[in-house]
Each structure stands twice: as C-alpha cells, then as structure tokens.
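Spelled out from the first residue to the last, the chains are:
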Amino acid sequence: MKTDTYDLIIVGGGILGTFHAYHALQKGLCVLQLEKDNFPVGSTVRNFGQVVPSGMAGEWFDYGVRALEIYQSIQKEMDISVRNNGSIYIASDNDEVQVLHELSKHYQTKGYQHELWSKEQVLSKYPVMNVDYVKEAIFFPQELSVEPESMIRQLHIYMQNKFSDYTLKYDTTIVACEDKNDTISVVSSKLEHFEGKKVLICNGYEFKILYRSLFDDSGLEISKLQMMRTKPLAHIHLPGNILTGLTIRRYESFEEYCPSFQTIPMPDHYRELRDNGIHILFKQASDGSIIIGDSHEYAAGNRLDELGFSVNSHINELMIAEANRIMPMKSEWISSSWAGYYSQHKDHILEIDVTPRIHVRTGIGGKGMTASAGYAEQSIEKLF
Ligand SMILES: Cc1cc2nc3c(=O)[nH]c(=O)nc-3n(C[C@H](O)[C@H](O)[C@H](O)COP(=O)(O)OP(=O)(O)OC[C@H]3O[C@@H](n4cnc5c(N)ncnc54)[C@H](O)[C@@H]3O)c2cc1C
C-alpha cells in the first residue's frame, strides 16, 4: 500500500540511493525515491560497470562480494545487464608479477576464488593482446560486469514491478528537508511537499543544493575521470573486466595486502601517466564497443567547476598510447569521449546524521558499482 507518509524518503537516484531503497523495500518499508534529473546521468551511468571486489580492501571487499550475490539474484528475475565473465589483472613486468603473486597469497588465505595465469594462458584467451606486454595475470572468475547506462534504469523498473511500496519520481530536485520531530518534510524546487519518517540523502557529487555549509566542511573531494568508447569492434573479443599494470600499481587491495607494493620502482614510461592519474582498464560492451579509461583530476567537494567541462585531448592521447601498448588501439576507432565525476572521502564514505532522522551517505568514490549493494544492506540495518 502506498501511503502519504513514507517510512523512508531517499534523495538521489544513483546506485547508492537505489540499493538503499532496495534493501529498505526488502525489509517491508514504504519508500519514496526522488531524482533531480529526467533519469540518472551522474557517476552511476558514466562508469565502466566493473564489479570488482578483488580490487578492494577491508570491509569494502566484503560489501563487493555480497554485491555479487545481490546483482545475480536480481538478474535471475529480470535482465538488468549483469554478466559473469570475471576480472583479469594483467602484469606487464616482473615487479607487477611479484605483486600479483602476493595478492594471490592474500586471497588464498581469505578463500576468495582466483587463478594465476601464465602468459600463454592470457594470450590464448585474449589473442589480441600484445605479446610483449603480457607477463602473467590473476583471474577472478566470479566477478561481474554491468552496462551502466541501461542497468540503473532496468533496476528502477525491476523495483517498481516487484515492490508495491516503492515510488520513484524523476525530475524532482529536493531543495529543503525540515525535521518536524515526528515527521520530516521534504520540499522540491517545484514546491511539492513529501512527508517521511526518515530521509536519506545520497546526492553523489552534488553539494550545492542541500546542506551547502555541511558539505563545505566535510572533507569531500571530487574526482574527474576521462573515458572513451570505441565504435563496435567485431574483430576483438574481450570478455570480462580487463585491468592492467597501472591498476596493479593503484588499487587498494594491492596497496593493502602486497608487501612489495610500496617498494617496486616506477618505470619511466609510466611517469606522465601516473601524473595524470591514468591507469588503463577495458570493458567490452554488449554491442562490441570497448570502453577505455581512465584518468583522475581532483578538486575540493565545493569546487567542481574548477575541474572544467572539457575533455583534455592530451590525456586521451596518453590513454590511447598506453592502451595500444596492451592491444592494438587506434585513435580513429574512438567514437565518443566523456568526463565522469565522483565524490570521495578519506574515510571511504561520508556518513553524517544531520538530525536523528535525516542522514547523508555519499562519497563512495570509485567503488560504488562494486560495493553499493553490499554497503547499503548493512547501512539500512543500522538505520532501522
Ligand atoms: C568514469 C567512472 C568510472 C567508474 N568505474 C567504476 C567501476 O567500474 N566500478 C565501480 O565499482 N565503480 C566505478 N565508478 C564509481 C561509481 O560510478 C560511483 O561510485 C557510483 O556511481 C556513485 O553512485 P552515487 O549514487 O553515490 O552517485 P550518482 O550516480 O552521482 O547519483 C547521485 C544522484 O543524486 C541526484 N541528486 C543529487 N542531489 C539531488 C537533489 N537535491 N535532489 C534530487 N536528486 C539529487 C543526482 O542527480 C544523481 O543522479 C566509476 C565512476 C566514474 C565517474
């Protein structure tokens, strides 16, 4: 039964808000989710769609592993674009191989399924890879990928069909929340009023509309990432999430669990890439196009505008050149390029309880497609 006073109102229609809605609905709560745009266009649709717990550390690994189960259980009921083709990290030199072996030891202790692959195994699965680049790899067979642009829309449709207590409204920008002791009144820019017992704000990287001064002092940062997509390439078959040498030198799990991580030298040819926060990942979409990225530039949470709106062609050229070291990649194959943004926090996520009934959860950083489903489950348990 839909009522006029919701148990939970969620501000934000991205992956983090949506999985909070999903878990609240699973608990039998009545949920209203409000998204300012006509459909989500934030971090949740601009990313790779790699669901890679293997790159995460601590509780975030556990949230990612739980997310694998959640995505697959939903996919069994409706196609939300989840594919199980695994993730592979390809080492390009002996130092990266050493780090891979150390990660394998860590995951052996944890009992997380993986395989160390020889150069020959990698080249036999991915004949397009350059023979000189590939040294060895680590493969995680149970990891997933999704098609970000369609996945969130499909997930919203799935939830609307499954839960009668779910209301989703796009094109609704929330400009104020007022805690009136027994209920919260939430107001949109069209002056609509919604009443709820609790409000959860999952606003991604939008910090200028609600609680401006709270976010000013929060320690949030925004990262701008450049991404490219090729035209469909029928001659290339790249199943799964492909992560490469610079990712091995960047992701948290390697940093946290591999003793050599801090001491391996940085080859000269990596320096300009590292200065631009570049590591190369590939994911082939279901239409055969390949998504390639990414780079990182940073600004304070309230200074998004300083990151600019343009795509820097020099950064794209650096990424294409490094991608071409890994497999043949030509500038003329690129059909589009975009900037994506996400917010991040030194505590891995920002959790603020503005009042006992108004809560903020944002700043999940570069791990939201992987960890949101698992994180939101325990977050809802704590809130209710
Ligand atoms: C280029 C790129 C590549 C990435 N690749 C991966 C990857 O492969 N794997 C992975 O795990 N993660 C990846 N990430 C990270 C992941 O995309 C993010 O962590 C995740 O999407 C964050 O979700 P969110 O819901 O917090 O934010 P968002 O998706 O930005 O959603 C927030 C929503 O809130 C809405 N909103 C804000 N304020 C209001 C308001 N006042 N009223 C109403 N609505 C409001 C916004 O319109 C927005 O739709 C990547 C990110 C980028 C940018």
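Being a predicted model, the structure only gives us computed values, none of them experimental.

Calculation notes
Residues numbered from 1 in each chain as written. Predicted model: local features only at pLDDT ≥ 70, side-chain atom pairs only at ≥ 80, totals over all residues. Near = placed C-beta within 6 Å. Helix = DSSP H or I, 4+ residues; strand = E, 2+ residues; numbered from the N terminus. Nonpolar A, V, L, I, M, F, W, Y, C, P; charged D, E, K, R; others polar. Domains from an automatic or database assignment. Contact = placed C-beta atoms within 7 Å. Pairing = 2+ DSSP bridges. Buried ≥ 20, exposed ≤ 12 C-beta atoms within 10 Å, placed from the backbone. Right-handed = clockwise from strand over helix to strand, strands pointing away. Axes fitted to C-alpha atoms, helices over the stretch in contact; angles between N-to-C directions.

### Some remarks on the site of the ligand
Within the structure, the ligand sits among 44 residues, and Gly14, Gly42, Gly204, Gly340 and Gly368 are positioned closest to it. The set of elements that each furnish at least two residues to the shell around the ligand consists of helix 1 (15–26), strand 14 (221–230), strand 19 (334–344) and helix 11 (368–383). The residue makeup of the shell around the ligand, split by class, is 17 nonpolar, 20 polar and seven charged. Residue-level mapping places the shell around the ligand at the junction of two domains, with at least three residues from each of domain 1 (5–44 + 149–217 + 349–383) and domain 2 (87–141 + 221–344).

### Focus on the domain arrangement of the chain
If you check the domain split of the chain, you get domain 1 (5–44 + 149–217 + 349–383) and domain 2 (87–141 + 221–344). Computed from C-alpha atoms alone, the centre-to-centre distance between domain 1 and domain 2 is 31 Å. Facing eleven residues of domain 1, the contacting portion of domain 2 comprises nine residues. Of the residues assigned to the side of domain 1 that touches domain 2, the class counts are three nonpolar, seven polar and one charged.

### Overview of the sheet that holds strand 10 (residues 174–179)
Spatially, four strands are ordered 1-12-11-10 in an open sheet, and the strand pairing comes out mixed. Looking at the sheet topology across the chains shown, the edges are occupied by strand 1 (5–6) and strand 10. In this sheet, strand 11 (residues 184–188) lies alongside strand 10 in antiparallel orientation, the contact comprising five bridges. When the bridges of strand 11 are listed, Cys177 appears paired with Val186.

### Comments concerning the environment of Asp268
When you line up the elements, Asp268 lands in the loop between helix 8 (252–257) and helix 9 (271–275). Taking the C-alpha atoms as reference points, Asp268 and Ala339, 71 residues apart in sequence, are found 27 Å from one another.

### Considerations on the pairing of strand 3 (residues 31–34)
Side chains Val31 and Gln33 of strand 3 all project onto a buried face; the interleaved residues Leu32 and Leu34 project onto the opposite face, where all are buried too. Bridge count for strand 2 (residues 8–11) against strand 3 is four bridges, and the pairing is parallel. Directly across from Val11, in strand 3, lies its bridge partner Leu34. The parallel pair strand 2 and strand 3 is bridged by helix 1, and the resulting crossover is right-handed. Of the strand pairs in this sheet, strand 3 and strand 9 (residues 166–169) are connected by four bridges, and their pairing is parallel. The partner of Leu32 across the bridge, within strand 9, is Thr167.

### Thoughts on the sheet that holds strand 21 (residues 358–362)
Strand order across the open sheet formed by six strands is 9-3-2-13-21-20, with mixed pairing between neighbours. Looking at which strands have only one partner, the edges of the open sheet turn out to be strand 9 and strand 20 (350–355). Across the sheet, the mean angle separating the axes of adjacent strands is 15° when strand polarity is ignored. Against the sheet, helix 1 makes contact with strand 2, strand 3, strand 9, strand 13 (199–201) and strand 21, and its axis sits at roughly 170° relative to strand 3, the strand it touches most.

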